[in-house]
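Read off the chains here:
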Amino acid sequence: MSRKTPDLEGYIAPGSEEESIVREIDLTRLPAHVAIIMDGNGRWAQSRRLPRVQGHRAGIEAVRDVVEASARLGLEVLTLYAFSKENWKRPRAEITTLMMLLKEYLRRELQTLVRNDIRFNVIGQMEELDRSVQRELLAGMRETRDLKGMVFNIALSYGGRAEIVEACRRLIRDRESLSAPGSDRPPSVASVASVASIPSIPSIPSIPSIDEETFAQYLYTAGQPDPDLLIRTSGEMRISNFLLWQIAYAEIWVTDTLWPDFRKRELFRAIRDYQKRDRRYGGVPQAAQAPGRSAAAPKENKEKRRVV
Ligand code: FPP
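Residues numbered from 1 in each chain as written. Predicted model: local features only at pLDDT ≥ 70, side-chain atom pairs only at ≥ 80, totals over all residues.

Draft legend 1. Up close: the overall build of the protein chain. The secondary structure content of the protein chain amounts to 9 helices and 6 strands. With 308 residues in all, the protein chain has 36% of them scored as buried. Here the contacts in the protein chain between residues at least 6 apart in sequence split such that 75% fall between residues at least 24 apart. (Helix = DSSP H or I, 4+ residues; strand = E, 2+ residues; numbered from the N terminus. Buried ≥ 20, exposed ≤ 12 C-beta atoms within 10 Å, placed from the backbone. Contact = placed C-beta atoms within 7 Å.)

Draft legend 2. Representation of the pairing of strand 2 (residues 77–84) within the structure. Burial analysis of strand 2 places 8 of its 8 residues in the buried class, which makes it a mostly covered element. Of the pairings in the sheet, the one linking strand 1 (residues 33–37) to strand 2 comprises 5 bridges and is parallel in character. Within strand 2, the position partnered with V34 by the bridge is L78. Two strands pair when backbone bridges link them, and strand 2 and strand 4 (residues 151–158) are joined in this way by 7 bridges, in the parallel orientation. For Y81, the partnering residue across the bridge sits in strand 4 and is A155. (Pairing = 2+ DSSP bridges.)

Draft legend 3. Representation of the environment of V34. For V34, the position within the fold is in strand 1. The sequence separation of V34 and D228 amounts to 194 residues, and the corresponding C-alpha distance is 6.2 Å. Not counting chain neighbours up to four residues away, the residues in contact with V34 comprise S70, L75, L78, P227, L229 and I231.

Draft legend 4. Structural context of the sheet that holds strand 2. Overall, parallel pairing links the 6 strands, which are arranged 3-4-2-1-5-6 in an open sheet. Here the strands that pair on one side only, and so sit at the sheet edges, are strand 3 (119–123) and strand 6 (251–254). Across the sheet, the axes of successive neighbouring strands diverge by a mean angle of 20°, strand direction being ignored. (Axes fitted to C-alpha atoms, helices over the stretch in contact; angles between N-to-C directions.)

Draft legend 5. Quick look at unusual backbone geometry. Look at D117: it is not a glycine, yet its phi comes out positive at around 65°. You can see D117 is positioned in the loop between helix 4 (92–115) and strand 3. Notably, S234 is not glycine yet its phi reads approximately 75°, a positive angle. Mapping S234 onto the fold places it in the loop between strand 5 (229–232) and strand 6.

Draft legend 6. Broad picture of the nonpolar core. Core analysis: the largest hydrophobic core is formed by 62 residues, its most contacted members being L80, Y81, A82, F152 and L156. Those residues in contact with L80 that lie beyond four places of it in its chain are I36, M38, V63, I154 and A155. (Core = buried A, V, L, I, M, F, W, Y, C linked by C-beta atoms within 7 Å.)

Draft legend 7. Expanded view of the environment of I231. Inspection of the secondary structure assignment puts I231 in strand 5. In this structure the C-alpha to C-alpha distance between I231 and V254, which are 23 residues apart in sequence, comes to 5.7 Å. Leaving out residues up to four positions away in the same chain, I231 has contacts with V34, I36, W253 and A270.

Draft legend 8. Region of interest: the site of the ligand. Not every one of the 18 residues close to the ligand is listed here, only the nearest: N41, G42, R43, G59 and Y105. At the level of secondary structure, the elements contributing two or more residues to the shell around the ligand comprise helix 2 (41–46), helix 3 (52–73), strand 2 and helix 4. Considering every element that reaches the shell around the ligand, the biggest residue donor is helix 3, with 4 residues. Grouping the constituent residues of the shell around the ligand by class yields 10 nonpolar, 6 polar and 2 charged. (Near = placed C-beta within 6 Å. Nonpolar A, V, L, I, M, F, W, Y, C, P; charged D, E, K, R; others polar.)

Draft legend 9. Looking closely at helix 1 (residues 17–24). Along helix 1, the residues classified as buried are E18, I21 and V22. The buried residues of helix 1 occupy one face: seen down the axis, they fall within an arc of 100°. Exposed side of helix 1, more than 90 degrees from the buried face: S20 and R23 are the residues found there. (Arc of directions from axis to C-beta.)

Draft legend 10. Seen up close, the confidence of the model for the protein chain. Of all residues in the protein chain, 84% attain a pLDDT of 70 or more, and the chain-wide mean is 88. Low pLDDT, under 50, characterises residues 189–195; the predicted model gives this stretch 15 contacts beyond four residues in sequence or across chains. (pLDDT = per-residue confidence, 0-100.)

In structure tokens form, the structure reads like this:
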């Protein structure tokens, strides 16, 4: 997974607020992975006396803006929480519209993603989605599979607990396949989603060798750095079952802005504020350490994390 150099030339209006925020950002210390809980579409619509689905429609513009800004900054991974497992409880008509918007987004934006070298990826129980949506998503993943720029994960029918349970199942299944007579089948093939988004496991781990790093290889985000920064819009202070394993050390940034009003300016603010945080990973502040010692990131992630 490679990080691109920022490409902001001509992108940010001179003299704009965006420009002054970006000037405060150290472009050599960007978060590798930013994850966003997009929230507030319904309230945005209600405050304008519009049907809730108009909020989702308006939210697409925010998605476009944030995907482009993230890719131009050179983030390695952007993950957007678009539809949780719990969202299936919403009225049928709202779900249908959301899925329609998703298909529309992909049809319209796929070529832009390709032009910008963005790899599109779905995380979640994709097999629960309507077949026509699955087809569109799989086509998007196929078409961008070999691109080397930012990975754009979209979480659909996603639940953090379900992801962990599924990872356990796949790990156990792999172990069982070892003892099955005459079995030489390749490890870890489960759902449509996992076929599409989880790289195959190089070898089946022995029980004593199963550690956090091995386990993470069974998650949808295998091979990706954990989120450094988690953004939530609309002022809610909840995690909502999002990337439960992966956000162990993420910095959380919450804004009152409702998702349809979220734009690159706020993304830049979040990154600027993130860079001011003292990330300790359970250690002590850098200033309090003996000379020559650095704050230790958790062992299994040492290579992926830079202490900020
Ligand atoms: C939360 O707002 C938002 C969602 C559940 C869906 C997010 C979907 C989009 C932004 C559009 C489609 C996405 C893509 C990637 C094309 P809410 O409805 O929970 O708002 P509320 O809390 O104000 O009711």
